[in-house]
Amino acid sequence: MVWLVGIVLAFGLLVVSYKRKKRYLETPLRLQVRSWQRYGDAYIGLALEGQRGEQLPTWSAGSHIVLEIPGANGLSRRAYSLIGGGDRCYEIVMARKFRGKVSEPVLSDLQVGQPILALPPRGRFFKLAKNPAKMICLIGGGVGLAPLVPMVKEALAKGSSVQLIHAARYEAELIKSGELESLAQLNSRFIYTPILSQEPDPLPGRLRGRLTADILRTRGVQQFDGDVYLCGSTDFVRDITRMVRGNGCRGTIHAEAFAGNSDNLPFTIEAGGKKFRQGHAPTLLAALEENGILPFAECRTGQCLNCRVKVRSGRVTPLVAMERGPLPDGAVLACACVAASDITLDVPAKYGMTDRPIG
Ligand code: FES
């Protein structure tokens, strides 16, 4: 009998702590723009601080925040990796060319002090092991560099040797290049390789052209048996994964795509009483969030199981990097798939819909 009471109590505690965590993660922080920096025409780096200069919730390498923008049809959300900051500031990078329902209102009239709502840092796009491999390799395409920068610092602090390859188009789009070059000069365990595909006259220390299997071979990827972390567009992640494997690399590949696949067709999605067409979204979750349907989401890497939605009709394609077996009751993880046809979804509370009143 005592054991039964123990089990009930333990279960009750679990439920209470889950609800508490969910409430915390779903309560937005009131931030404002502290400063910004342009990276060519493609990206803008934003430094965000609390509106009262207060201390902000802690974060770690690989964490992201989720910006919330109110609009005529309710809230839109979009996740951004933290590229830097501290206990009173979060730094993110926005792609200007993908101006969407979140980035457009933020960037159209950028001002110091501009208020921004953001859900607290959560999840880790990538999680460095407690004791990462002695040698790790990070490869970012464009703004996919963002989550990799704090990981470089964390891995170096843990004693790993780190190789970072950043593929961009122009010199001006090399995000945080000055900081990374200084880090490489100060630390013999860190190699930083920028590669520029369209810069007519690259500076010394840059490779010119597209990132190819041959270039990866010259960087020694074929001998690599530590962890490999890739972040970029879906196309970039798919292509580089093939090249890394094709070169005979034996390390574990961790991949995260931040932007849609050029093959993602604009299917009609019906959910939560709304109907919209959405293509080129990296995930079904991103498509829903842009359009004011807000499943509770924590990790965005297919691990926490919080973003479940039920497919009533239509098909989804699992993302290769996060493929997992079917969930009970016709549910899928919205962060781990894209629409493969017109679809109708159920997103009730039972399937993780946020229970915060959305105004
Ligand atoms: S948000 Fe964690 S599984 Fe989708």
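Bear in mind the structure is a predicted one, so any value in this text is a computation, not a measurement.

A. Broad picture of the packing of helix α3 (residues 148-157) against helix α4 (residues 177-186). Running from N to C, α3 and α4 point in directions that differ by 15°, and their axes come no closer than 12 Å. One element, α3, and the other, α4, form an angle in the roughly parallel class. Two packed elements cross with a definite hand, and for α3 against α4 that hand is left-handed. Contacts between α3 and α4 involve V149, V152, K153 and L156 from the former and E179, L180 and L183 from the latter. Split by residue class, the contact of α3 with α4 holds five nonpolar, no polar and two charged.

B. Structural detail: the nonpolar core. One finds Y43, L138, V162, L164, I175 and F190 to be the most contacted residues of the largest nonpolar core, which totals 29 residues. Those elements giving two or more residues to this core turn out to be β6 (90-95), β8 (135-141), α3, β9 (161-168), β10 (190-196) and β12 (228-233). Sorting elements by how many residues they give to this core places α3 first, with six residues. For this core, the two domains that each supply at least three residues are domain 1 (27-122) and domain 2 (135-258). Filtering out sequence-adjacent residues up to four positions away, L138 remains in contact with L148, M151, V152, V162, Q163, L164, I165 and Y229. One finds I269, L327, A331 and I343 within the second-largest nonpolar core, a separate group that totals 26 residues.

C. Molecular detail of the pairing of strand β2 (residues 43-50). Most of β2 sits inside the fold, with eight of its eight residues counted as buried. In this sheet, β2 lies alongside strand β1 (residues 29-39) in antiparallel orientation, the contact comprising eight bridges. Residue W36 lies in a different strand from β2, and its bridge partner there is L46. Remark: three residues form the turn of the hairpin made by β1 and β2, two consecutive strands paired antiparallel; G40 in that turn has positive phi of roughly 60°.

D. Representation of the pattern of salt bridges in the model. In the structure shown here, the tally under the stated rule is 19 salt bridges. E181 is paired through a salt bridge with R206; the nearest N and O atoms lie 2.4 Å apart. Here R206 lies in the loop between β10 and β11 (207-208) and E181 lies in helix α4, a separation of 25 residues in the sequence. By relative accessible area, which is 30% here, E181 ends up partly exposed. In this structure R206 comes out as buried when scored by relative accessible area, which is 11%. A salt bridge links K310 to D329; the shortest N-O distance between them is 3.8 Å.

E. Fine view of the packing of aromatic side chains. Counted under the stated rule, the structure contains one aromatic pair. Look at F190 and Y192: their rings are 6.5 Å apart centre to centre, the planes differ by 25°, and that puts the pair in the stacked class. For Y192, a relative accessible area of 10% translates into the label buried.

F. Quick look at unusual backbone geometry. Positive phi values are uncommon outside glycine, yet K176 reaches one of about 60°. Within the element layout of this structure, K176 appears in the loop between β9 and α4. Not every positive phi belongs to a glycine, and R300 is a case in point at roughly 65°. Mapped onto the elements of the fold, R300 is located in the loop between α7 (284-290) and β16 (308-313).

Each value, and the rule that gives it
Residues numbered from 1 in each chain as written. Predicted model: local features only at pLDDT ≥ 70, side-chain atom pairs only at ≥ 80, totals over all residues. Heavy atoms only, no water. Axes fitted to C-alpha atoms, helices over the stretch in contact; angles between N-to-C directions. Helix = DSSP H or I, 4+ residues; strand = E, 2+ residues; numbered from the N terminus. Parallel < 35°, antiparallel > 145°, perpendicular 65-115°, else oblique. Left-handed = near helix turned anticlockwise from the far one by under 90°. Contact = heavy atoms within 4.5 Å. Nonpolar A, V, L, I, M, F, W, Y, C, P; charged D, E, K, R; others polar. Core = buried A, V, L, I, M, F, W, Y, C linked by side-chain atoms within 4.5 Å. Buried < 20%, exposed > 50% of the residue type's maximum accessible area, 1.4 Å probe, protein only. Domains from an automatic or database assignment. Pairing = 2+ DSSP bridges. Salt bridge = Lys/Arg side-chain N within 4 Å of Asp/Glu carboxyl O. Phe/Tyr/Trp six-rings, centres within 6.5 Å; stacked < 30°, edge-to-face > 60°.

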